[in-house]
Amino acid sequence: MNSLTRRRLLWGLPLGITVLAGGGFAKMLSSLRKGKFDPHKIDLPNLNKTIPNFTLEAVSSPYKNFNSSILKQQTKPVLINFFASWCLPCISEMPILKQLASQLSIWGIAYKDKINMIDLFLKHHGNPYQFLGQDNQGNIGIDWGISGIPENFLIIPGGIIRWHYAKPLDYTAISSLLSLVR
Amino acid sequence: MRLISFVFLLLISFFSIAAYGLNSPNELLPNAQQEKRAEQIGAQLRCLVCQNESIEDSNAELAKDLRKVVRQHIQAGESDKQIIQWMVDRYGNFIRLSPPFNFTTALLWLMPFLAFIIGCLSAFTTFRKMQKEPLPLNENEKKRLEKLMKES
């Protein structure tokens with residue numbers, strides 16, 4: 001290799017690196033826009049593992065409370081929905097949850113909420129939950145690895161977390177969820 | 001006017017040093033040494049809500065809860081390593097602001113050393129080339145040089 005072609009190659013090097021890096025960034029941005037890549041996404045280590053042990057505080061009489069051992073004994077999949085009366089995205093999720101309730105049993109965990117507020121919320125927006133308990137201090141939420149609400153977990157028989165969605169449910173999420181249940 | 005604003009900025013920057021996300025002094029542990037440990041652990045943990053802040057810096061509710069958890073575990077006599085592992089068990093390595101060294105992060109951690117070695121190598125080859133004596137001029141070059149000299 002003579003010195004001229006070598007010099008040309010060296011000149012081309014920064015250009016090549018720029019093109020490569022630019023292409024990489026462009027790909028990242030486009031998949032970010034399409035929703036395939038989310039840098040804020042938290043990959044929970046509890047996925048495909050057994051649920052943590054917990055006991056919830058009861059809400060009030062019409063609502064049936066539950067705990068981790070009841071959840072582990074189920075023979076059908078259960079959707080665990082963390083929600084709160086003070087959470088606006090939870091309201092937007094409610095119509096989807098109510099539709100889903102005919103196909104899948106949904107159990108609610110009210111996160112850092114008050115009993116009378118939960119009651120009001122469910123009377124106003126409808127109640128999709130078969131069982132309902134509350135996580136007053138938010139410590140159970142931390143054990144599950146939630147970072148905000150609403151968050152949804154699909155629990156398959158044996159108490160294994162099969163699916164996790166950290167945003168309000170939408171129809172694309174529902175279709176991937178139902179494909180797992182069937 | 002300029003002096004006043006300069007002094008003002010200086011004062012602001014002094015006060016902001018102590019600005020942690022602590023919501024109230026009740027959060028602090030009574031034991032100063034334990035509190036210092038809690039702050040050091042918290043500074044290594046990512047707030048999952050405002051993700052580029054540590055839980056010590058963040059004002060989010062979740063960060064507040066996690067700060068509380070860290071302090072409870074310290075009072076229970078756990079080591080720093082155990083507390084961080086407790087967090088990693090729940091939120092994954094993502095919660096650690098400095099990722100651990102493993103196969104996927106090897107390039108990230110080794111990049112400074114790699115860059116240094118590459119730099120040294122390229123500097124070494126360049127210097128060696130500079131030390132070489134230039135070749136003597138051939139016939140054509142000599143003629144061209146003479147011509148140029150005459151022109152000037």
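Fair warning: this is a prediction, and the values are worked out from it, not measured in the lab.

1. Here's the deal with the overall build of chain B
Secondary structure assignment for chain B yields 6 helices and 0 strands. Overall, chain B shows an N-to-C arrangement of helices and strands of α-α-α-α-α-α. Sorting the 152 residues of chain B into buried and exposed places 15% on the buried side. Restricting the contact set of chain B to residue pairs at least 6 apart, pairs at least 24 apart contribute 48%.

2. Focus: the overall build of chain A
Helix and strand counts for chain A stand at 6 helices and 6 strands. N-terminal to C-terminal, the α/β element order of chain A is α-β-α-β-α-β-α-β-α-β-β-α. Its C-alpha atoms give chain A a radius of gyration of 23 Å, more than 25% over the compact-globule value 16 Å for 182 residues. Projected onto its principal axes, the C-alpha coordinates of chain A cover approximately 85 × 35 × 30 Å. The buried share among the 182 residues of chain A stands at 30%. The long-range share in chain A, meaning contacts at least 24 apart out of those at least 6 apart in sequence, stands at 73%.

3. Let's talk about the domain arrangement of chain B
Its domain assignment divides chain B into domain 1 (16-95) and domain 2 (106-151). Computed over C-alpha atoms, the centres of domain 1 of chain B and domain 2 of chain B are 54 Å apart.

4. Describing the confidence of the model for chain B
Residues and elements named next belong to chain B. When the pLDDT values of chain B are averaged, the result is 87; 89% of them are 70 or greater. The least confident element of chain B is helix H1 (residues 2-16), whose mean pLDDT is 68; the most confident is helix H4 (residues 80-91), at 96. What the predictor reports for the complex is a pTM of 0.78 with an ipTM of 0.85.

5. What about the interface of chain B and chain A?
Taken residue by residue, the interface counts 11 residues in chain B and 11 residues in chain A. Taken together, the residues that form the side of chain B that touches chain A break down as 6 nonpolar, 2 polar and 3 charged.

6. Describing the sheet that holds strand S2 (residues 78-83) of chain A
Residues and elements named next belong to chain A. Across the sheet, 6 strands lie side by side as S1-S4-S3-S2-S5-S6; this open sheet has mixed pairing. Lying at the two open borders of the sheet, with one neighbouring strand each, are strand S1 (57-58) and strand S6 (160-165). Of the pairings in the sheet, the one linking strand S5 (residues 151-156) to S6 comprises 5 bridges and is antiparallel in character. Bridge pairing in S6 links Phe153 to His164. Against the sheet, helix H6 (residues 171-181) makes contact with S5 and S6, and its axis sits at roughly 165° relative to S6, the strand it touches most.

7. Some remarks on unusual backbone geometry
Glycine aside, negative phi is the norm for most residues, and most peptide bonds take the trans geometry. Residue and element names in this part refer to chain A. Backbone torsion omega between Ile149 and Pro150 reads 0°, so that peptide bond is classified as cis. When you line up the elements, Pro150 lands in the loop between helix H5 (139-144) and S5. In this model, Lys112 sits at a positive phi of 45°, which is unusual for a non-glycine residue. Residue Lys112 is classed as partly exposed on the basis of its C-beta count, with 19 C-beta atoms lying within 10 Å.

8. Regarding the packing of helix H2 (residues 32-42) of chain B against helix H3 (residues 61-75) of chain B
In a pair of packed helices, the angle between the axes and the distance between the axes together describe the arrangement. Residue and element names in this part refer to chain B. Contact geometry of H2 with H3 gives a least axis separation of 10 Å together with a crossing angle of 135°. Our classification of the angle between H2 and H3 gives oblique. Both H2 and H3 take part in a crossing whose hand is right-handed. Residues Gln34, Arg37, Ala38, Ile41 and Gly42 of H2 lie in contact with H3, whose contacting residues are Arg67, Val70, Arg71, Ile74 and Gln75. Of the residues in the contact of H2 with H3, the class split is 4 nonpolar, 3 polar and 3 charged.

About the criteria used
Residues numbered from 1 in each chain as written. Chains lettered and ligands numbered in written order. Predicted model: local features only at pLDDT ≥ 70, side-chain atom pairs only at ≥ 80, totals over all residues. Helix = DSSP H or I, 4+ residues; strand = E, 2+ residues; numbered from the N terminus. Buried ≥ 20, exposed ≤ 12 C-beta atoms within 10 Å, placed from the backbone. Contact = placed C-beta atoms within 7 Å. Rg over C-alpha atoms; globule rule 2.2 N^0.38 Å. Domains from an automatic or database assignment. pLDDT = per-residue confidence, 0-100. Nonpolar A, V, L, I, M, F, W, Y, C, P; charged D, E, K, R; others polar. Pairing = 2+ DSSP bridges. Axes fitted to C-alpha atoms, helices over the stretch in contact; angles between N-to-C directions. Parallel < 35°, antiparallel > 145°, perpendicular 65-115°, else oblique. Left-handed = near helix turned anticlockwise from the far one by under 90°.

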